[in-house]
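Here is how the chains run, residue by residue.
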Amino acid sequence: MSEDLESAVEELLKRADDNKPIAVSDCDSFLNDIPRFTAKHGMEETKKFLTFLGNPDENMKIIHVAGTNGKGSVCCYMQSVLLKAGYRVGLFTSPHLVRINERFCVDGKPISDGLFIEIFIETLRRICEYREEGDFYFPTYFEYLFFMAMILYDVYPVDYLILETGLGGRLDATNSVENPQVSVITEIGYDHMQYLGDTLEEIASEKAGIIKKNIPVVFFDKRQETTEVIKKKALEMDARAITVKKEAIENPRICGENSGNKHIAFCFNSLYDKYVDLNLSTLAMYQTENASIAIQALEILRDQGADISELDIREGLISAKWDGRMEEIRPGIFVDGAHNIDGISAFLESTGQIECEGKKLLLFGVASDKQYPEIVRMLLESRQFAGIYAAVMDSYRSVSVSDMKTAFEDAKDELGIIGLPIKYYSDVRDAVTDIITMRKSGDIVFAAGSLYLVGEIKSFV
């Protein structure tokens, strides 16, 4: 352990021992500093520390969720239905939008600051105990949070724990759990290629790494190349593979008399039942896919003995709300975390079906490690937006103003677009202030490009 890290650990533990105040921001700062001192560990090391914790996962009913797009939404829909069915539910997700507590939910609510700090300190103590036994392991940022989740839901048990992977699957810290009830793989697309591979087959192979021996896997069958990889892995693991196909989702439509009451209705033919006129409290058409995946996974839990009725499913779906996914944070202002090519495609499909009396305006911010030139071209090619406000996010990963200008100008030239007003900002707050001030009655504002952007907007709007 480096001297700086050792000093920070000692200082936090001394404050805890002396009953001196520790804030969530202190824990957050410590976690954000971890990447300076440690690197990702192999699965063997992660499992070894989980064993040191007593393998708490062995006493948990875990639903393990991986995928490129839609993981958080699927988790949210499953959580909502299980709560309607009367179960106590834990949810571990990433990333958070505004506060780190959001990553740990019990019965649909983020844990309190006091509980977060309690679990954070307990995790730190256990790491130090482990090191005293001669192992110099220190977890990465995400590994630390995963171990916090294992300790949290061990000390405060739930009936079901929904566990979302961080980045991939095969080498993800969450994959150290041995016996989930069901594995779920959502849509697979191009993202994080520097870690997961350059082809859809390579990315699918990483995601399929969560499939466990004899554990059923539910996955979205959208692309033949990814479906073949998942089915092959399932066969190797003697795991039952249950597909959710796009054609099983019928008659998706926006319903309602006014913008305040509009929602999506659709039908879904699952493996066992035909669900007619299911409703979702969103205007994001892509959520019909995520809700259908959730339904199919819930039916597997029902096969295993869970008491989940059709009414639970219906009421759970309509009551589910997942922040940052086509979320209307103010009348006529929507934020969406779409941040890769497939996500932006789904975002544009949804915005194209939303009626607007005035103009559609776009607030855009994006991380530099995304395929942002292609994303920019897609946004312009849609020709849906009468004005674009491009802003630099408060993140070291954000694309700069100059790089955004280059991407937009290149795309305009390629597409022959003339006269589209695009404004650039070095600060998201300034862009939000401008777009809200300048929009007219009937205009709709959409914000997309990054979950960092969504979180930043939600922190002050």
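Before reading on, note that the structure itself is shown above.
A.B. asks: How do you make sense of the overall build of the protein chain when you look at a structure like this?
C.D. replies: A count of helices and strands for the protein chain gives 16 helices and 17 strands. Rg of the C-alpha trace for the protein chain: 22 Å, near the compact-globule value of 23 Å for 461 residues, within the 12% margin. Oriented by its inertia axes, the alpha-carbon framework of the protein chain measures out at about 65 × 55 × 40 Å. Pairs at least 24 apart in sequence give 75% of the contacts found in the protein chain among residues at least 6 apart. With an accessible surface of roughly 19,500 Å², the protein chain has 47% of that area assigned to carbon and sulfur atoms. Across the protein chain, 50 positive and 74 negative side-chain charges occur, with their mean positions spaced 3 Å apart.

A.B. asks: I keep staring at the pattern of salt bridges and nothing clicks. Help me out?
C.D. replies: One side chain can pair with another of opposite charge once the charged atoms of both are near each other. The tally for this structure, following the rule as stated, stands at 29 salt bridges. As a salt-bridge pair, Glu11 and Arg15 come within 3.2 Å of each other at their nearest N and O atoms. Taken together, the residues Glu11 and Arg15, both in helix H1 (residues 3-17) and 4 residues apart, mark about one turn of the helix. With a closest N to O distance of 2.8 Å, Lys14 and Asp18 form a salt bridge.

A.B. asks: Sorry, what's going on with the packing of helix H2 (residues 24-33) against helix H6 (residues 141-155) here?
C.D. replies: When two helices pack together, their arrangement is given by the angle between their axes and by how far apart the axes lie. At a closest axis distance of 8 Å, the pairing of H2 and H6 adopts a crossing angle of 135°. Taken together, H2 and H6 sit at an angle that is classed as oblique. The segment H2 lies against H6, with Asp28, Phe30, Leu31 and Asn32 engaging Tyr141, Tyr144 and Leu145. A class-by-class count of the residues in the contact of H2 with H6 yields 5 nonpolar, 1 polar and 1 charged.

A.B. asks: I tried to follow the sheet that holds strand S14 (residues 360-364) on my own but got confused; where do I start?
C.D. replies: Strand pairs in the sheet, formed through backbone hydrogen bonds, run parallel or antiparallel to each other. Spatial ordering of the open sheet is given by S12-S13-S17-S14-S15-S16, a layout of 6 strands whose pairing is mixed. Edge positions in the sheet fall to strand S12 (327-330) and strand S16 (422-425), since each of these pairs with one other strand and no more. With direction set aside, neighbouring strand axes in the sheet form an average angle of 25°. Pairing of S14 with strand S15 (residues 387-391), which is carried by 4 bridges, proceeds in the parallel orientation. Following the sheet pairing, Leu363 is matched in S15 by Tyr389. In the packing of helix H15 (residues 428-438) onto the sheet, contacts are made with S12, strand S13 (333-335), S14, S15, S16 and strand S17 (444-448), and the angle to S15 comes to roughly 160°.

A.B. asks: Even after reading the chapter, I still don't get the environment of Ala149, so can you show me in this structure?
C.D. replies: Inspection of the secondary structure puts Ala149 in helix H6. Ala149 sits 25 residues away from Thr174 along the chain, and the two C-alpha atoms are 9.9 Å apart. Apart from residues no more than four positions distant in its own chain, Ala149 is found in contact with Phe92 and Phe104.

A.B. asks: In this structure, what is going on with the sheet that holds strand S4 (residues 109-110)? I would like to understand it.
C.D. replies: Taken in spatial order, the 8 strands line up as S4-S3-S2-S5-S1-S6-S7-S8 in an open sheet, and their pairing is mixed. Among the strands making up the open sheet, the edge pair consists of S4 and strand S8 (241-245). The pairing of strand S3 (residues 104-106) with S4 spans 2 bridges and is classified as antiparallel. Along S4, the bridge assignment pairs Cys105 with Pro110. Lying on the sheet, helix H10 (residues 287-303) is in contact with strand S1 (62-66), strand S5 (160-164), strand S6 (182-185), strand S7 (217-221) and S8; it crosses S7 at an angle near 155°.

A.B. asks: Mind showing me how you'd approach H1 here?
C.D. replies: Structurally, the α-helix is built with 3.6 residues per turn, so residues lying three or four positions apart point the same way. Between its first and last C-alpha atoms H1 spans 21 Å; for 15 residues at 1.5 Å apiece the expected length is 21 Å, and the two agree. Listed in full, the buried residues belonging to H1 are Leu5, Val9, Leu12, Leu13, Arg15 and Ala16. Down the axis of H1, the buried side of the element spans an arc of 160°, and every buried residue falls inside it. Opposite its buried face, H1 presents the exposed residues Glu3, Asp4 and Lys14, each directed more than 90 degrees away. In the core, the buried residues of H1 are packed alongside H2 and helix H5 (113-132). Once H1 ends, the next one or two residues include Asn19, with phi positive near 55°.

A.B. asks: Whenever I open this one, the packing of H5 against H6 confuses me. Can you help?
C.D. replies: Relative to each other, H5 and H6 sit at 105°, their axes nearing to 9 Å. In this view, H5 runs roughly perpendicular relative to H6, as classed from their interaxial angle. Along its contact with H5, which presents Leu115, Phe116, Ile119, Phe120, Glu122, Thr123, Leu124, Arg126 and Ile127, the element H6 presents Tyr144, Phe147, Met148, Ile151 and Leu152. Of the residues assigned to the contact of H5 with H6, the class counts are 11 nonpolar, 1 polar and 2 charged.

A.B. asks: Could you clarify how one ought to interpret unusual backbone geometry in this entry?
C.D. replies: Trans is the common state for peptide bonds, and a negative phi is the common state for residues other than glycine. Of note, the amide linkage connecting Ser94 to Pro95 takes the cis form, showing an omega dihedral of -5°. Examined against the element boundaries, Pro95 turns out to sit in the loop between strand S2 (89-92) and S3. Backbone geometry at Asn251 places phi at a positive 50°, although glycine is not the residue there. Of note, Asn251 is situated in strand S9 (residues 249-255).

A.B. asks: Where do I start with the packing of aromatic side chains in this structure?
C.D. replies: How two aromatic rings sit relative to each other is set out by the distance from centre to centre and by the angle between their planes. Tallying each qualifying case throughout the model produces 23 aromatic pairs. For the ring pair Phe30 and Tyr144, a centre distance of 6.3 Å and an interplane angle of 65° mean the geometry is edge-to-face. Placement of the pair is Phe30 in helix H2 and Tyr144 in helix H6, with a sequence separation of 114 residues. The burial state of Phe30 is the same as that of Tyr144; both residues are buried.

Procedures and definitions
Residues numbered from 1 in each chain as written. Predicted model: local features only at pLDDT ≥ 70, side-chain atom pairs only at ≥ 80, totals over all residues. Heavy atoms only, no water. Helix = DSSP H or I, 4+ residues; strand = E, 2+ residues; numbered from the N terminus. Rg over C-alpha atoms; globule rule 2.2 N^0.38 Å. Contact = heavy atoms within 4.5 Å. Areas by Shrake-Rupley, 256 points an atom, 1.4 Å probe, with all protein chains shown as cover. Lys, Arg positive; Asp, Glu negative; His and termini not counted. Charge placed at Lys NZ, Arg CZ, Asp CG, Glu CD. Salt bridge = Lys/Arg side-chain N within 4 Å of Asp/Glu carboxyl O. Axes fitted to C-alpha atoms, helices over the stretch in contact; angles between N-to-C directions. Parallel < 35°, antiparallel > 145°, perpendicular 65-115°, else oblique. Nonpolar A, V, L, I, M, F, W, Y, C, P; charged D, E, K, R; others polar. Pairing = 2+ DSSP bridges. Expected span 1.5 Å × (residues − 1). Buried < 20%, exposed > 50% of the residue type's maximum accessible area, 1.4 Å probe, protein only. Arc of directions from axis to C-beta. Phe/Tyr/Trp six-rings, centres within 6.5 Å; stacked < 30°, edge-to-face > 60°.

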